[in-house]
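A structural walkthrough
Chain residues, written in single-letter form:
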Amino acid sequence: MNSLFGPADFDAPAPHPSTVLFGRDLTERVVAAEPTDSGLTLWLRDTSDKVSVCDIASAPWLLLGSPLDLSANPVELAGDGLRFLYRFPTLSAYHEARFRSRDQHAAMLAYPSATKMALMMSGITLFKGMTMADTRRMQVDLETEGLSPVPEENRILLIAVGDNRGLLDTIEGGEKEMLEKLVALVAQRDPDVIEGHNLYGFDLPFLVARAARHGVRLALGRDGSEMRMGAERNFAAGGITRPFTPAFIHGRHIIDTYLALQ
């Protein structure tokens, strides 16, 4: 696995179209990536359905159209346009340089996502060499007493769960017990992707609110961390946009089929 490319890589002949589509790194079966202080943690699912973890080194970067006095020295790439490549030792140094470049109205290419930057620099592509059946996908759906999680009586009645490895079940019982069983089941089945219809708009915020009421940690992340809700953003659907609040689960992807249907 190539963990970091040098300047010479950018001056190489034009890549084959397949590398443009699927990434220049040949590593296959990467199912998740999360940023670390020095690069990325990768999860790989092998052909026997086992998951392994590895770390790669990478550094945050930005491309500028002309050199600026930043906290790093640029590498000048061949060609015209955005050809001054800056790399930074930390994300904080990168963000400072990005904001300074923006304030000076510099032509630049920059990404706020550390994961996206590391994947682009390394050429690693998620799910390369895999089919839909190769990924482990879990579906989750709630049945509740009401549409708002705020009233105490609007409890979760049951949680329907399934995956593409034969799981098809309902979690029933007391609300706190159901939440704890869901957390344990996700850890046991270890899905790469969690799917559902209107997850962002209903199921996940409802889970967060009811878990907080009972003091249950929604430790759904692959590192044992809790699911977290992000800031509201807009989702483009044709000529209109719809607001939604994304959720993040460390080492796992979330697919909301309601947004996909839009």
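Read on for an overview of the structure. (Residues numbered from 1 in each chain as written. Predicted model: local features only at pLDDT ≥ 70, side-chain atom pairs only at ≥ 80, totals over all residues. Heavy atoms only, no water.)

Focus on the overall build of the chain
Basically, it comes down to this: Secondary structure elements follow DSSP: runs of H or I no shorter than four residues count as helices, runs of E no shorter than two count as strands, and numbering proceeds from the N terminus. The buried label applies to any residue whose accessible area, calculated with a 1.4 Å probe on protein chains only, is under 20% of its type's maximum; exposed applies above 50%, and partly exposed to all values in between. Here, two residues are considered to be in contact whenever any of their heavy atoms come within 4.5 Å of each other. We get accessible surface area from the Shrake-Rupley algorithm with a probe of 1.4 Å; when it comes to residues, only the shown protein chains can shield them. We treat Lys and Arg as the positive residues and Asp and Glu as the negative residues; His and chain ends play no part in the count. To locate a charge, the coordinates of NZ of Lys, CZ of Arg, CG of Asp or CD of Glu are taken.
Within the chain, the regular secondary structure consists of seven helices and 16 strands. Expressed as lengths along the three principal axes of its C-alpha atoms, the size of the chain is roughly 65 × 45 × 35 Å. A buried classification covers 40% of the 262 residues belonging to the chain. Within the chain, residue pairs in contact and separated by at least 24 positions form 56% of the contacts whose partners lie at least 6 positions apart. Of the roughly 13,900 Å² of accessible surface on the chain, a fraction of 54% belongs to carbon and sulfur atoms. In the chain, 26 side chains carry a positive charge and 34 a negative one; their mean positions are 1 Å apart.

Structural notes on the pairing of strand 14 (residues 240-244)
Stated precisely, the cut-off is as follows: Criterion used throughout: strands pair if DSSP finds at least two bridges between them.
Pairing geometry for strand 13 (residues 233-237) and strand 14, over five bridges, is antiparallel. When the sheet's bridge partners are listed, Ala 237 is paired in strand 14 with Ile 240. Hairpin connection from strand 13 to strand 14: two residues lie between these consecutive antiparallel strands, with Gly 238 at a positive phi of about 65°.

Concerning the packing of aromatic side chains
We count it as follows: Stacked, edge-to-face and tilted labels apply to pairs of Phe, Tyr and Trp rings (six-membered ring for Trp) whose centres lie within 6.5 Å, assigned for plane angles under 30 degrees, over 60, and everything in between, in that order.
By the definition in use, this model includes six aromatic pairs. Here the aromatic rings of Tyr 86 and Phe 88 are separated by 6.4 Å at their centres, their planes lie at 10°, and the arrangement is stacked. Relative accessible area serves as the criterion here: at 0%, Tyr 86 is assigned to the buried category. We classify Phe 88 as buried; its relative accessible area is 2%. An aromatic cluster is present here, built from Tyr 86, Phe 88 and Tyr 94 joined pairwise through their rings.

Things to note about the pattern of salt bridges
We count it as follows: Salt bridges are identified by distance alone: a Lys or Arg side-chain nitrogen within 4 Å of an Asp or Glu carboxyl oxygen.
Within the structure shown, the criterion is met by 15 salt bridges. The partner of Asp 190 in a salt bridge is Arg 252, with the nearest N and O atoms 2.9 Å apart. Of the two residues, Asp 190 is situated in the loop between helix 5 (175-189) and strand 11 (193-196) and Arg 252 in the loop between strand 15 (247-248) and strand 16 (253-256); the sequence distance between them amounts to 62 residues. In this structure, Asp 190 and Arg 252 share a single accessibility class: buried. Salt bridges here are not isolated pairs; linked through shared partners, they connect Arg 45, Asp 49, Arg 136, Arg 165, Asp 190, Asp 192, Arg 222 and Arg 252.

Concerning the sheet that holds strand 11
Quick note on the threshold: In this analysis, axes come from line fits to C-alpha atoms, helices being fitted only over the stretch in contact, and the angle between any two N-to-C directions falls in the range 0 to 180 degrees.
The five strands are arranged 10-9-8-11-16 in an open sheet whose pairing can be described as mixed. Only two strands of the sheet have a single partner each, and these edge strands are strand 10 (168-171) and strand 16. Neighbour-to-neighbour, the strand axes of this sheet turn through a mean angle of 25°, independent of strand direction. Here strand 8 (residues 137-144) pairs with strand 9 (residues 156-163) via seven bridges, running antiparallel. Within the sheet, the bridge partner assigned to Glu 143 lies in strand 9 and is Leu 158. Sitting on the sheet, helix 5 touches strand 8, strand 9 and strand 10, and the angle it makes with strand 9 is about 10°.

Thoughts on the nonpolar core
Definition in use: Definition of nonpolar core: a set of buried residues of the types Ala, Val, Leu, Ile, Met, Phe, Trp, Tyr and Cys, connected through side-chain atoms within 4.5 Å.
Judged by nonpolar contacts, the single largest core of 32 residues is most densely connected at Ile 156, Ile 159, Val 161, Leu 204 and Leu 207. With seven residues, helix 6 (residues 199-214) is the largest single contributor of residues to this core. Not counting chain neighbours up to four residues away, the residues in contact with Leu 204 comprise Leu 199, Met 227, Ala 247 and Ile 254. In terms of nonpolar packing, the next biggest core, distinct from the first, is built from 16 residues, Ala 72, Leu 85, Tyr 94 and Met 117 among them.

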